[in-house]
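Chain residues, written in single-letter form:
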Amino acid sequence: MIPLQASRAVRCLFAAVFALALTAAAQSVSAADGFGPVKAMKTDAKKAALGKRLFFDVRLSGDAAISCATCHNPSKGFGDGLALSKAYPGSDHFRNTPTLINTAQKAAWFHDGRLGTNLNDVTRENLTETYLMNMDMRLMQERLKQDPIYVKMFKDAGYGEPSNGSVRKAIPEYLKTLTSRGAPFDTAKMSDAAKAGFELFKGKAGCANCHGGSRFTDDKPHNTGVPNNPDIWADPRRHVTFVTYAMFMGVENYMNIRRDPGAHVRTHKSDGSDIGKFMTPTLRELKYTAPYMHNGMIKTLGDVVAFYNKGGGNDPNKDRMMRPLDLSTQEQSDLVAFLEAL
């Protein structure tokens, strides 16, 4: 028989080992989820410098009125601070402007995920689409050839003379440089509230089910029941933009529908179960990119957390993972603190 004191010692030792095992397991789970700093991408400095100048140049739009930075403003986390973004003069957009920080590492582009990882295609889409920058790339090429600074920069970057293809390579090179750095989460300088929020994020709140990895996204579409933005159909300039998009993307009955089909444009499921799904956004830089959701319907991070706390919105196609979280007021506050630490 083991003496009582020895038995207690053994139990204490076992408890200590068990606690260490749990800690190690938690650390391995966190590592497996890929939480941590976003890895910087390799870039060519001269190509990126050229891409940056192009990004801020209004001459890349049809009437030389807007640049990429018009909607993707660095001071606003490369968003624009609007619920629904602007568009080419004469129209307005029907979606919220997403950040471009870390997006060169995305698996699919736009809120509906209609374009893949080829940044050349993404750049061409944004430059040439009528309601975006409405640029005839033949005209753009001639404009660039008239600028001696561009002529030199294209040559120094190894592209030769300015060309459409080189523009579609240079701008993505600049996008690759837009990587999150120095966030409290990455530098181990989070507040106690943010640390508590991170535990909720991984556990009780279940956020990590969709927001995993260093960019905090699974790069997949989900329906969380975000309410529709009525301004899209009340404003003729936005509605005409939506109609243009929906017609091109093969959306049925596009003149009569009053909701954004989202990722339905990728799959066109006959039962409509994919309607209302949108790509999981990155949670990086959230502090600077309000308002939120694909249509700007939620104003603050506190409102976003409250929305998820009640189980999302009402939609017949809502993801099965969506459920009430039963977070206290303090827990919601801690979760917001964590999100701001990203």
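Here, every reference points to the structure presented above.
Residues numbered from 1 in each chain as written. Predicted model: local features only at pLDDT ≥ 70, side-chain atom pairs only at ≥ 80, totals over all residues. Heavy atoms only, no water.

**Q** What exactly am I supposed to notice about helix 8 (residues 192-202) here?
**A** Count 3.6 residues to each turn of an α-helix, and residues three or four apart come out pointing the same way. Ala-194, Gly-197, Phe-198, Leu-200 and Phe-201 are the residues of helix 8 that are buried. Projected down its long axis, helix 8 shows its buried positions confined to an angular sector of 160°, all on one face. At its buried positions, helix 8 is contacted by helix 13 (329-340). (Buried < 20%, exposed > 50% of the residue type's maximum accessible area, 1.4 Å probe, protein only. Helix = DSSP H or I, 4+ residues; strand = E, 2+ residues; numbered from the N terminus. Arc of directions from axis to C-beta. Contact = heavy atoms within 4.5 Å.)

**Q** How should the pattern of salt bridges be read in this particular structure?
**A** Pairs can form between side chains of opposite charge once their charged atoms are near each other. Inspection of every chain in the model, using the stated rule, returns 21 salt bridges. Its salt-bridge partner being Lys-176, residue Glu-173 comes within 3.6 Å of it at the nearest N-O pair. Counted as one network, the salt bridges with shared partners bring together Arg-95, Asp-112, Arg-114, Glu-125 and Asp-260. (Salt bridge = Lys/Arg side-chain N within 4 Å of Asp/Glu carboxyl O.)

**Q** Sorry if this is basic, but what is going on with the packing of aromatic side chains here?
**A** Aromatic rings considered in pairs are described by the distance between their centres and by the relative angle of their planes. Going through the model one piece at a time under the given rule, you end up with 21 aromatic pairs. Between Phe-94 and Phe-242 the ring centres are 5.4 Å apart and the planes differ by 90°, which places this aromatic pair in the edge-to-face class. Taken together, the residues span a long stretch of sequence, with Phe-94 in the loop between helix 3 (68-71) and helix 4 (119-128) and Phe-242 in helix 10 (residues 236-248) at a distance of 148 residues. Phe-242 shares its class with Phe-94; the two are buried. Members of the aromatic cluster, joined through ring pairs, are Phe-35, Phe-185, Phe-198, Phe-201, Phe-216 and Phe-338. For the cation-ring pair, Arg-53 lies above Tyr-150, with the distance from its terminal atom to the ring centre recorded as 4.3 Å. When the ring centre of Phe-110 is taken as origin, the NZ or CZ atom of Arg-114, which lies over that ring, is 4.0 Å away. (Phe/Tyr/Trp six-rings, centres within 6.5 Å; stacked < 30°, edge-to-face > 60°. Lys NZ or Arg CZ within 6 Å of the ring centre and 35° of its normal.)

**Q** Would you mind showing me how to read the side chain of Gln-332 here?
**A** Turning to its location among the elements, Gln-332 is positioned in helix 13. The residues touching Gln-332, leaving out its near neighbours within four places in the chain, are Val-305, Ala-306, Asn-309 and Leu-327.

**Q** Quick question: what am I supposed to make of the nonpolar core here?
**A** One broad rule of soluble globular proteins: the nonpolar side chains tend to lie buried together. With 32 residues, the main nonpolar core has Leu-54, Leu-60 and Val-167 as its most contacted residues. Breaking this core down by element, the ones donating at least two residues are helix 2 (45-55), helix 3, helix 4, helix 5 (137-145), helix 6 (148-156) and helix 7 (164-175). In terms of residue count, the dominant contributor to this core is helix 7 (5 residues). Setting aside anything within four residues of it in sequence, one finds Leu-54 in contact with Leu-60, Leu-144, Tyr-150, Phe-154, Val-167, Ala-170 and Ile-171. Of all hydrophobic cores here, the second largest spans 29 residues; its members include Val-304, Val-336, Ala-337 and Leu-339. (Core = buried A, V, L, I, M, F, W, Y, C linked by side-chain atoms within 4.5 Å.)

**Q** Before we go on, may I ask you to explain the packing of helix 4 against helix 7 in this structure?
**A** How two helices pack is summed up by the angle between their axes together with the distance between the axes. Viewed as axis vectors pointing N to C, helix 4 and helix 7 meet at an angle of 110°, and their least axial separation amounts to 8 Å. The orientation of helix 4 with respect to helix 7, classified from their angle, is roughly perpendicular. Listed contacts from helix 7 to Leu-119, Asn-120, Thr-123, Arg-124 and Leu-127 of helix 4 are Gly-165, Val-167, Arg-168, Lys-169, Ile-171 and Pro-172. (Axes fitted to C-alpha atoms, helices over the stretch in contact; angles between N-to-C directions. Parallel < 35°, antiparallel > 145°, perpendicular 65-115°, else oblique.)

**Q** I'm lost on unusual backbone geometry in this one. Help?
**A** Trans peptide bonds make up most of the peptide bonds, and negative phi angles are found at most residues other than glycine. Cis geometry is adopted by the peptide bond preceding Pro-291, which originates at Ala-290 and carries an omega value of -5°. Locating Pro-291 in the fold gives a position in the loop between strand 2 (278-279) and helix 12 (301-309). Phi at Ala-64 takes a positive value of approximately 55°, unusual for a residue other than glycine. Mapped onto the fold, Ala-64 is located in the loop between helix 2 and helix 3. Even without a glycine there, the phi angle at Asp-219 is positive, about 55°.

**Q** Is there a simple way to explain the packing of helix 2 against helix 7 in this structure?
**A** At a closest axis distance of 7 Å, the pairing of helix 2 and helix 7 adopts a crossing angle of 100°. Between helix 2 and helix 7, the angle falls in the class roughly perpendicular. When helix 2 is examined against helix 7, the residues Lys-47, Ala-48, Leu-50, Gly-51, Lys-52, Leu-54 and Phe-55 are found in contact with a partner set consisting of Val-167, Ala-170, Ile-171, Glu-173, Tyr-174 and Leu-175. Among the residues making up the contact of helix 2 with helix 7, the classes are represented as 9 nonpolar, 1 polar and 3 charged. (Nonpolar A, V, L, I, M, F, W, Y, C, P; charged D, E, K, R; others polar.)

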